[in-house]
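Commentary on secondary and tertiary structure
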Amino acid sequence: MSTLDHRHTGHSGAGGTDPTRDDGVSGGAGISGIGAAYHLGALSPDRSYVILEGRDDLGGTWDLFRYPGVRSDSDMHTLGYSFKPWKADKSIADGPSILEYLNETVDEYAIRDHIRFRTLVERAEWSTEDARWTVTAQRRTDGDGSTSDGSTETATYTCNFLFMCSGYYSYRTGHTPEFPGRDRFRGEVVHPQFWPDDLDYEGKRVVVIGSGATAITLVPSMAPAAEHVTMLQRSPTYLISRPAKDGLANTMRKYLPERVAYDLTRRKNTRLQELLYHRTRTAPDKVKALLLKLVRRELGEEYDVDTHFTPSYDPWDQRLCLVPDSDFFKAIRSGAAEVVTDHIDTFTETGIALASGRELPADVIVTATGLELVTLGEVDFVVDGEPVDFADTWTYKGLAYSDVPNLVSSFGYVNASWTLRADLTCDYVARLLNHLRDSGTDIATPRLRPSDADMPARPWIDDFSAGYIQRMIPFLPKQGDRDPWVNTQRYSDDKVLIAKAPIDDGVMTFTSARPPDAVAGSSLGYATPTRV
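Residues numbered from 1 in each chain as written. Predicted model: local features only at pLDDT ≥ 70, side-chain atom pairs only at ≥ 80, totals over all residues. Heavy atoms only, no water.

**Some points on the packing of helix α11 (residues 418–439) against helix α13 (residues 491–500)**
Test applied: Only C-alpha atoms enter the line fits that serve as axes; for helices the fit covers just the stretch in contact. Angles between N-to-C directions range over 0 to 180 degrees. Per the convention used, a helix needs a DSSP run of H or I reaching at least four residues, while a strand needs a run of E reaching at least two, with both numbered from the N terminus. Note on angle classes: values under 35 degrees are labelled roughly parallel, values over 145 roughly antiparallel, values of 65 to 115 roughly perpendicular, and the remainder oblique. Working rule for contacts: check all heavy atoms of both residues, and any pair within 4.5 Å makes them a contact. Polarity classes work like this: nonpolar for Ala, Val, Leu, Ile, Met, Phe, Trp, Tyr, Cys and Pro, charged for Asp, Glu, Lys and Arg, and polar for all others, with Gly in that last group.
α13 packs onto α11 with a crossing angle of 10° between their chain directions and a minimal axis gap of 9 Å. Accordingly, the angle class assigned to the pair α11 and α13 is roughly parallel. Across the interface between the two elements, Leu-420, Arg-421, Leu-424, Thr-425, Tyr-428 and Arg-431 of α11 pack against Tyr-491, Asp-494, Lys-495, Ile-498, Ala-499 and Lys-500 of α13. When its residues are assigned to classes, the contact of α11 with α13 shows six nonpolar, one polar and five charged.

**Looking at the sheet that holds strand β18 (residues 351–354)**
In plain terms, the rule: Here, any two strands with at least 2 DSSP bridges between them count as paired.
On the basis of which strands lie adjacent, the open sheet formed by three strands has the order β17-β18-β19 and antiparallel pairing. Each edge of the sheet is formed by a strand with only one pairing partner; in this case those strands are β17 (344–347) and β19 (359–361). Strand-to-strand twist of the sheet, defined as the mean angle between neighbouring strand axes without regard to direction, takes the value 20°. Pairing geometry for β17 and β18, over three bridges, is antiparallel. Bridge assignment links Thr-346 to a residue of β18, and that residue is Ala-353.

**Overview of empty space enclosed by the protein**
For the record, the criterion: Cavities and pockets were defined on a 1 Å grid built from protein atoms only: a cavity is a group of points that admits a 1.4 Å probe but offers it no way out, a pocket is an open group of points flanked by protein on both sides within 12 Å along at least five of seven lines, and a lining residue is one with an atom within 4 Å of any such point. Grid points are joined across faces, edges and corners, and a volume is the space filled by probe spheres set on the points.
Taken as a whole, this structure holds three cavities of 30 Å³ or more when the rule is applied. There is about 180 Å³ of room inside the largest cavity. In terms of lining residues, the largest cavity is bounded by 18 residues, among which Gly-167, Leu-376, Tyr-401, Phe-411 and Trp-460 are the most central. The residue makeup of the lining of the largest cavity, split by class, is twelve nonpolar, six polar and no charged.

**Focus on the pattern of salt bridges**
For the record, the criterion: For this document, the term salt bridge refers to a Lys or Arg side-chain nitrogen within 4 Å of an Asp or Glu carboxyl oxygen. Remark: exposure states derive from per-residue accessible area (1.4 Å probe, protein chains only) relative to the maximum for the residue type, with buried under 20%, exposed over 50%, and partly exposed in between.
By the definition in use, this model includes 33 salt bridges. With its nearest N and O atoms 2.5 Å apart, the salt bridge here joins Asp-493 to Arg-490. The partly exposed category is assigned to Arg-490, whose relative accessible area is 41%. Salt bridges sharing common partners tie together Asp-46, Arg-47, Arg-437 and Asp-438.

**Here's the deal with the sheet that holds strand β11 (residues 188–190)**
Pairing in this open sheet of five strands is parallel, and the strands run β11-β20-β12-β13-β16 from one edge to the other. Edge positions in the open sheet fall to β11 and β16 (337–341), since each of these has one partner strand only. Looking at each pair of strands side by side, their axes are set apart by 20° on average, direction ignored. Contacts between helix α5 (residues 213–222) and the sheet are confined to β12 (205–209), β13 (228–233), β16 and β20 (364–367), with β13 contributing the most and set at about 165° to the helix.

**Comments concerning the environment of Tyr-303**
Within the secondary structure layout, Tyr-303 lies in the loop between α8 (284–299) and α9 (305–308). Classification of Tyr-303 by relative accessible area gives partly exposed; the value is 22%. Ignoring sequence-local partners within four residues, the contact set of Tyr-303 consists of His-308, Phe-309, Ile-332 and Val-339.

**Describing a negative patch on the surface**
How we decide: Patch building starts from residues that exceed 30% relative accessible area and form no salt bridge, then joins like charges within 9 Å and nonpolar side chains (Val, Leu, Ile, Met, Phe, Trp, Tyr) within 5 Å. Surface exposure here means Shrake-Rupley accessible area, sampled with a 1.4 Å probe, where a residue is shielded only by the protein chains that are shown. Here the positive residues are Lys and Arg and the negative ones are Asp and Glu; neither His nor the chain ends is included. Note that the charge is assigned to NZ on lysines, CZ on arginines, CG on aspartates and CD on glutamates.
The grouping of Glu-188, Asp-197, Asp-198, Asp-200 and Glu-202 at the surface amounts to a negative patch. Here Glu-202 lies in the loop between β11 and β12.

**Section: the pairing of strand β27 (residues 443–446)**
Each regular strand carries side chains that alternate between the two faces of the sheet. The two faces of β27 match: Ile-443 and Thr-445 on one face and Ala-444 and Pro-446 on the other face are all buried. One ladder, built from four bridges, connects β27 with strand β28 (residues 508–511); its direction is antiparallel. Bridging across to β28, Pro-446 finds its partner in Met-508.

**Description of α11**
Selection rule: Residue count minus one, scaled by 1.5 Å, sets the expected span of a helix.
Its 22 residues place the ends of α11 32 Å apart at the C-alpha level, agreeing with the 32 Å of an ideal helix rising 1.5 Å per residue. Burial analysis of α11 places 16 of its 22 residues in the buried class, which makes it a mostly covered element. Looking one or two residues beyond α11, the residue adopting positive phi is Gly-440, at roughly 70°.

**A few points about a nonpolar patch on the surface**
On the surface, Tyr-255, Leu-256, Val-260 and Leu-264 cluster together into a nonpolar patch covering about 380 Å² of accessible area. Structurally, Val-260 can be placed in helix α7 (residues 258–282). A relative accessible area of 38% places Val-260 in the partly exposed class.

**What to know about the packing of aromatic side chains**
Counted only if it meets this: Classification of ring pairs rests on two measures: the distance between centres of Phe, Tyr or Trp rings, Trp counted by its six-membered ring, which must be within 6.5 Å, and the angle between planes, read as stacked under 30 degrees, edge-to-face over 60 and tilted in between.
With the rule as written, the count across this model stands at 28 aromatic pairs. Seen in terms of ring centroids, Tyr-38 and Phe-83 are 3.6 Å apart; in terms of plane orientation they differ by 15°. Their pairing is stacked. In this pair, Tyr-38 is assigned in helix α1 (residues 31–43) and Phe-83 in the loop between α3 (76–79) and α4 (95–108), connecting sequence segments 45 residues apart. One aromatic cluster is present, formed by Phe-65, Tyr-67, Tyr-168, Tyr-169, Tyr-171, Phe-411, Trp-418 and Trp-460 through successive ring pairs.

**Description of unusual backbone geometry**
Following Asp-483, the chain continues to Pro-484 via a peptide bond in cis, the omega torsion being 0°. You can see Pro-484 is positioned in the loop between α12 (467–470) and α13. Despite not being glycine, Ala-110 has its phi angle at roughly 55°, a positive value. Following the sequence through the fold, Ala-110 ends up in the loop between α4 and β5 (115–116). By relative accessible area, which is 53% here, Ala-110 ends up exposed. You will see that Asn-406, though not glycine, has its phi angle at about 50°, which is positive. Looking at the element boundaries, Asn-406 is found in the loop between β25 (400–401) and β26 (407–409). Look at Asn-406 and you get buried, because its relative accessible area is 0%.

**Some points on the packing of α1 against α11**
Axis angle and axis distance: for two packed helices, these are the angle between their axes and the distance between the axes, and together they describe the pair. Applicable threshold: By definition, any crossing whose near helix is turned counterclockwise from its far helix by less than a right angle is left-handed, and any crossing with a clockwise turn is right-handed.
It is at 9 Å that the axes of α1 and α11 come closest, and there the two elements cross at 35°. Crossing geometry of α1 relative to α11 is assigned as right-handed. Between α1 and α11, the contacting residues are Ile-31, Ser-32, Gly-35, Ala-36, His-39, Leu-40 and Leu-43 on the first element and Trp-418, Thr-419, Ala-422, Asp-423, Cys-426, Asp-427, Ala-430, Leu-433 and Asn-434 on the second. Of the residues that constitute the contact of α1 with α11, the class distribution is nine nonpolar, five polar and two charged.

Listed below in C-alpha cells is the structure:
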C-alpha cells in the first residue's frame, strides 16, 4: 500500500515545515465519520487513518446544536450504529445523551487517537498519475501547536482514497430569510444553530419562527420558563406523537441478550419506518386523514386543526415531525404556547407585525428557519487540474460520482434515520478498498456505459419538496432511471444495491496508476472529511 504522506506547512506563526507521515486521512468526527472509522478498523484493518475534524470536539451536529431540548427526530435504535446497541431507556434521545453514546463508541473502538481536532478541510486535488488525493486543511493553533488562539497553519495530507462524511449543511451559517425591519427590533434575535450560552428567556415573550423539527422541539422546551411562546409559521407541518421510550425494546432487553434485543428492535423500527413511508406513497389521503385525526385527539375538536396543522402537501412530501410524549401538544393545551399561521409583514421595535394586521409582542425571536445546505462539506474538488462541478456528474448508488476517482460520500435518508444508510455506505467503502487491494489496482472510478448515454436526468432526491432540499438540488449530482445511477432513499432497496451487489459491476472501473508490482506492496489511504 502506498504510504499516505502528511505534510503540514506552518503559517501564522507556525514557523516552517513539520513533516510527518500517516497511512490514512479521515475528516470529521460526527456520527458518519465515527462510523466510518469503526468499519475501516473492523473490515479493512490493514488501512490506517486519521480523522480531520474542524471543530474542537467530536459529535458534529450533536456538538454544534445547543438550543433548549435539542434531541433526535428519530429513534436511537435506528439512528444508533448497527454495531453498538443503544442502551438508554429513552429511544428519542436528547443531545447530551447522543454525545455520550458517540464518546463511548470512540473510546470503545480506540478511535479517539486518530482524531485531529481544529483541522478544517478546504480543498482536495486528485492526480491520476499518482493515484493520490492531496487534501489541504486549515488547522487552528497557537505558536507551539498545542491549543487554538485563532491563528491557523496549512496542513496537507495525501491519500489514495477519500471518504467524505461531511453531512449536508453548512456549519458556518444557518438559513435565515431577509426579514423587513429586523434592525428595528429591540430584543434579541437568535438562530438555533448559534444558540448563545447566556441567553436569558425566563419570564419573557418568545416567538419562534418556523414549523420544522427544531421549532417543534423548542416550543415545549422553552415554554416552562418563558412568559409565553408563540410558534409563527407560514404553513403547517405534519406531526406525529410517539412515546420517548420504546416499551417493547426495553422489555426485550430484560429477557434477551442485549445485542439480540437491539437487533430485533432495529429491524422492527426500520420496517415500521418503511411501511409508513410506503403507505404515504400509495394511499396519501388515508395517511393524511389518520395524522389529522391524531392531532385532533391531542388538541380537541374545537381546535382549528385545518388552519394550523393541515399542510397543502401529502405526508412525507416533506419530513414528518416527531413529537415525543406529546410534549408540543401539552404546551399548547396548557396555554403556555400557541401556534399562529400567518405571514410576516415586518419586525417592529417590540415584536412582529403580521400580514393579517395582528402584532405578536416579543422579547426574544428565534429564527428556526432551517439549514443552509452545501455539497461535500464546502470543500473545493479538483481532478487532474480541472475543478469538479458535482451538478455535472451522475450519482453512483447515491454515494459516488461519475468520472470522479476514489471518492465516496456518506449521505443518509431524508425519510428515515440517517445512520441506516451511513452504515451501508461505510460497509461498501471497506469492501471497495479490499477489492482494490485484492485486484492489485489502486483507482476506482464510476463510468457511464454506452447504454447510459441517453439516460434521462432526474433530481438527486425525487418526490421531496422541502425547501432546504429544493434550494440545493441545482448543485447536486443527477440521478438516472436505472441501476446503479440512482439514489433510492429506500433502505430495503439500498441493502440490495449497496450491500449485496458485487463491487465489480461493470460500471465501477478499476485501473492502476503504477505497475502491478508497485501496487502490490502499497497501502491504500483513507480520507473522510465529515462533521455529521
